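A structural walkthrough
Letter by letter, the chains look like this.
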Amino acid sequence: MCLAVPAKILIIHNDKAIADFGGVQREIIITLVKNDVKENDYVLVHAGFAIQKIDEHSFKDIVNTWRTLLEH
Amino acid sequence: MNSHNILRDKSLALKVAKYINERCSRDKYTIMHVCGTHEYTITHFGIRSLIPKVDLRAGPGCPVCVASPVNIDLAVKLSLMDNVLVTTFGDMFKVRGSKFSLMDSKGMGGRVSIVYSIHDAVELARRNPDLEVVHFAIGFETTAPSTAAMILSNPPENFSIIPTHLLIPPAMLHLLNLGEVRIDGFICPGHVSTIIGVKPYLGIACSKRVPMVIAGFEPLDVLIGVAMLIDMINNGECTVKNEYTRAVRFEGNVKALEFMDKVFKVSDAYWRGIGFIPNSGLELRDEFSMFDARVKFDVNVEADYNMPPGCRCGDVLRGLIMPWECPLFAKVCTPENPVGPCMVSFEGSCSIAYKYGGFTFH
Ligand code: SF4
């Protein structure tokens, strides 16, 4: 129920956006993240609403930290 | 976005599991999570089999499973009235209240539509001015802001909701206060946390001396989350750490929280299988009561809180037993013929255990 999936924002139009879900495009509502996002950003989408912007770099940081930690 | 592949890196996952196992200095660490999506990741990928000394328990992380049967009964009754259309998320469609589900109601001629988003429900109301559209507004903090946003968007008069939103941190506190099951650490729900941030957990972690880690939903997220927790438990570090930094900020989603606060007030709420939990529900504020279906329609439903006979969903939801410890599991109770809500919902622990087993890592 709390499932949220990442999508890339393609076109923003007021409180709505067209987003790409790995090849499938859908309209989403961006009211909850409006001032934070711009086109080409990734967001998490839950029940048709973008709920948070995804920071692409930070997951790599976490994984790299653990990779380094475990390889020593 | 290649996070998906990186976060399913099997060899790194095995290394993190080894890290965890090497640090398990006692026989058992009980770690509870409170999210159906975490249960899916843990069971689907067989994470329990990798870390035998970590007892990963699912708590009440399925809003559909804990939804008040009174509200379901109300939705069923309304859907059978002339000129009322009830909209619901698909997951809720088959869950019975005291007797019937919305699916049963549809079979009896009731008007029920499954929607993907509350926005679709409002659009249905706009397009059908002669119908009263009642949305079954269910979900944790992940979903409540979208309800709030629609209530603030000036929906048509023929739209209303059955407010069934619930809050997760009060439920975590409640389980700790009940003390029925030992909880050494919590994995906090990632998507709830995108909204509420880190803060609401801090007070509980400190006062109850329980470490917590907010984790994402890929297998490596969960394993790294557990590894962080084992270190915190071993070091007696009772705070909240965030593994899911790609989506969770310390302050959460401030705008979403403002919307929620404008529209809802916090109240005590009934959780099926658990009982009343203080400050764990959201009611519409008085100025929005015209959108509350319970105010709008004068319909009485009797309180009948029982789980079906023999069903141990309550114990599953409080983390006391694993689904397969229920005598009905996979014998009488299956996803095709579910007895309790935990077998009906896609995110119910019983349904996930039945479908994926989770006994081997892959
Ligand atoms: S297996 Fe079925 S009867 Fe048993 S607790 Fe789960 S839902 Fe209830």
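Please read these numbers as outputs of a predicted model, since none were measured by experiment.

Here is what the cut-offs are and how they apply
- Residues numbered from 1 in each chain as written.
- Chains lettered and ligands numbered in written order.
- Predicted model: local features only at pLDDT ≥ 70, side-chain atom pairs only at ≥ 80, totals over all residues.
- Heavy atoms only, no water.
- Helix = DSSP H or I, 4+ residues; strand = E, 2+ residues; numbered from the N terminus.
- Rg over C-alpha atoms; globule rule 2.2 N^0.38 Å.
- Buried < 20%, exposed > 50% of the residue type's maximum accessible area, 1.4 Å probe, protein only.
- Contact = heavy atoms within 4.5 Å.
- Lys, Arg positive; Asp, Glu negative; His and termini not counted.
- Charge placed at Lys NZ, Arg CZ, Asp CG, Glu CD.
- Pairing = 2+ DSSP bridges.
- Axes fitted to C-alpha atoms, helices over the stretch in contact; angles between N-to-C directions.
- Disulfide = S-S within 2.5 Å.
- Near = heavy atom within 4 Å.
- 1 Å grid on protein atoms, 1.4 Å probe; cavity = no way out; pocket = protein on both sides within 12 Å on 5 of 7 lines; lining within 4 Å.
- Sits in = over half its atoms within 2 Å of the grid points.
- Nonpolar A, V, L, I, M, F, W, Y, C, P; charged D, E, K, R; others polar.
- Phe/Tyr/Trp six-rings, centres within 6.5 Å; stacked < 30°, edge-to-face > 60°.
- Lys NZ or Arg CZ within 6 Å of the ring centre and 35° of its normal.

**Thoughts on the overall build of chain A**
Of regular secondary structure, chain A possesses one helix and five strands. Shown N-terminal to C-terminal, the secondary structure of chain A runs as helices and strands in the order β-β-β-β-β-α. In terms of overall dimensions, chain A is more spread out than a globule: its C-alpha atoms have a radius of gyration of 15 Å, far above the 11 Å expected for 72 residues. Each principal axis of the C-alpha distribution contributes one length, and for chain A these read about 50 × 25 × 20 Å. Here chain A holds 72 residues, and 47% of them are scored as buried. Taking the contacts inside chain A whose residues are at least 6 apart along the sequence as the reference set, 32% of them involve residues at least 24 apart. In chain A, the 8 positive side-chain charges and the 10 negative ones have mean positions that sit 3 Å from each other.

**Quick look at the sheet that holds strand β3 (residues 84–88) of chain B**
All names here are of chain B. The strand order β4-β3-β5-β6 describes an open sheet built from four strands, whose pairing is parallel. Edge positions in the sheet fall to β4 (112–114) and β6 (159–165), since each has one partner strand and no second. Strand-to-strand twist across the sheet, computed as the mean angle between neighbouring axes with direction ignored, equals 25 degrees. Bridge count between strand β5 (residues 132–139) and β6: seven bridges; the pairing is parallel.

**What about the environment of K18 of chain B?**
Along the polypeptide, K18 of chain B turns up in helix α2 (residues 10–23). For K18 of chain B and I274 of chain B, which are 256 residues apart along the polypeptide, the C-alpha to C-alpha distance reads 36 Å.

**Overview of the state of the cysteines**
Residues and elements named next belong to chain B. Enumeration according to the criterion identifies one disulfide over all chains in this entry. At a sulfur-sulfur separation of 2.3 Å, the disulfide partner of C62 is C65. Negative torsions about the S-S bond denote left-handed disulfides, and the value of about 75 degrees found for C62 with C65 makes this one right-handed. What makes C62 buried here is its relative accessible area of 3%. C65 sits in the buried class, given a relative accessible area of 1%.

**A few points about the site of the ligand**
Residues and elements named next belong to chain B. Every residue close to the ligand is listed here: C311, R312, C313, C326, L328, F329, C333, V339, G340, M343 and C350. With respect to the detected pockets, the ligand is housed in the largest cavity. The class makeup of the residues in the shell around the ligand is nine nonpolar, one polar and one charged.

**Topic: the packing of aromatic side chains**
To describe a pair of aromatic rings, one takes the distance between the centres and the angle between the planes. Residues and elements named next belong to chain B. Taken as a whole, this structure holds six aromatic pairs over all chains when the rule is applied. Their ring planes at 85 degrees and their centres at 5.3 Å tell us that Y40 and Y356 sit as a pair that is edge-to-face. Residue Y40 is located in helix α3 (residues 36–44), and its partner Y356 is located in helix α18 (residues 349–356); the two are separated by 316 residues in the primary sequence. Y356 sits in the partly exposed class, given a relative accessible area of 35%. With a centroid separation of 6.3 Å and an interplanar angle of 75 degrees, the aromatic rings of F329 and Y354 are classed as edge-to-face. With F329 in the loop between α16 (313–317) and α17 (341–344) and Y354 in helix α18, this residue pair connects regions lying 25 residues apart in the sequence. The class for Y354 is partly exposed, based on a relative accessible area of 33%. The ring of Y19 carries the charged tip of R23 above its face, separated from the ring centre by 3.6 Å. Against the face of Y29 rests R26, its NZ or CZ located 4.6 Å from the ring centre.

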